[in-house]
Amino acid sequence: MATTQSQYYKHHVFFCLNQRDAGADRPSCANCNAQSMQEYAKKKVKQLGLAGPGQVRVNKAGCLDRCELGPVVVIYPEGTWYTYIDETDIDEIVEKHLAQGEIVERLLID
């Protein structure tokens with residue numbers, strides 16, 4: 001008999017931190033400050049009291065295969081993909097999408 005499990009996190013956020021060698025034929029998110037932006041997002045989520053079971057989890061990920069659109073972050077369970085440039089973009093994703101449930105249209109990628 002199959003059972004349905006409750007969702008452990010309301011939002012699970014994955015930042016691509018993939019690093020490619022210099023001269024690779026595809027870009028890599030790690031070259032776009034992805035590590036520090038992931039750390040910043042995790043700190044911001046904690047500061048706003050959004051972290052923990054039933055709320056938000058911010059994780060590191062390997063290649064998410066959206067390299068040419070990066071740096072990228074994906075939020076589940078919605079499967080919403082964003083790109084970002086700096087802390088201002090991360091603030092907007094955290095404050096609007098994670099805290100208020102609003103899609104940040106200007107940062108969306110298909």
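This one's a predicted model, so the numbers in the text were calculated from it and none came from an experiment. (Residues numbered from 1 in each chain as written. Predicted model: local features only at pLDDT ≥ 70, side-chain atom pairs only at ≥ 80, totals over all residues. Heavy atoms only, no water.)

Draft legend 1. Molecular detail of the overall build of the chain. A count of helices and strands for the chain gives two helices and four strands. Secondary structure elements of the chain occur, N-terminal to C-terminal, as β-α-β-β-β-α. Rg of the C-alpha trace for the chain: 14 Å, near the compact-globule value of 13 Å for 110 residues, within the 12% margin. Taking the principal axes of the C-alpha coordinates as reference, the chain spans close to 50 × 40 × 25 Å. Counting the 110 residues in the chain, one finds 42% classified as buried. A separation threshold of at least 6 residues defines the contact pool for the chain, and within that pool the share at least 24 residues apart is 60%. Total accessible area computed for the chain in this model is approximately 6500 Å², and 48% of it derives from carbon and sulfur atoms. (Helix = DSSP H or I, 4+ residues; strand = E, 2+ residues; numbered from the N terminus. Rg over C-alpha atoms; globule rule 2.2 N^0.38 Å. Buried < 20%, exposed > 50% of the residue type's maximum accessible area, 1.4 Å probe, protein only. Contact = heavy atoms within 4.5 Å. Areas by Shrake-Rupley, 256 points an atom, 1.4 Å probe, with all protein chains shown as cover.)

Draft legend 2. The arrangement of the sheet that holds strand S2 (residues 56–61) in detail. Ordered in space as S2-S1-S3-S4, the four strands form an open sheet in which the pairing is mixed. On the outer flanks of this sheet lie S2 and strand S4 (80–83), each paired with one strand and no other. For this sheet, the mean inter-axis angle between neighbouring strands, taken without regard to orientation, is 20 degrees. For strand S1 (residues 11–16) and S2, the ladder comprises six bridges, and the chain directions are parallel. Looking at the pairing, Val13 lines up with Val58 of S2. Against the sheet, helix H1 (residues 34–47) engages S1 and S2, with an angle of about 170 degrees to S2. (Pairing = 2+ DSSP bridges. Axes fitted to C-alpha atoms, helices over the stretch in contact; angles between N-to-C directions.)

Draft legend 3. Examining empty space enclosed by the protein more closely. One pass over the structure, following the stated rule, counts one cavity of 30 Å³ or more. By volume, the largest cavity amounts to about 50 Å³. In terms of lining residues, the largest cavity is bounded by Val13, Phe15, Ala41, Val58, Val73, Ile90, Ile93, Val94 and Leu98. Secondary-structure elements contributing two or more residues to the lining of the largest cavity are S1 and helix H2 (87–100). (1 Å grid on protein atoms, 1.4 Å probe; cavity = no way out; pocket = protein on both sides within 12 Å on 5 of 7 lines; lining within 4 Å. Points joined across faces, edges and corners; volume = space filled by probe spheres on them.)

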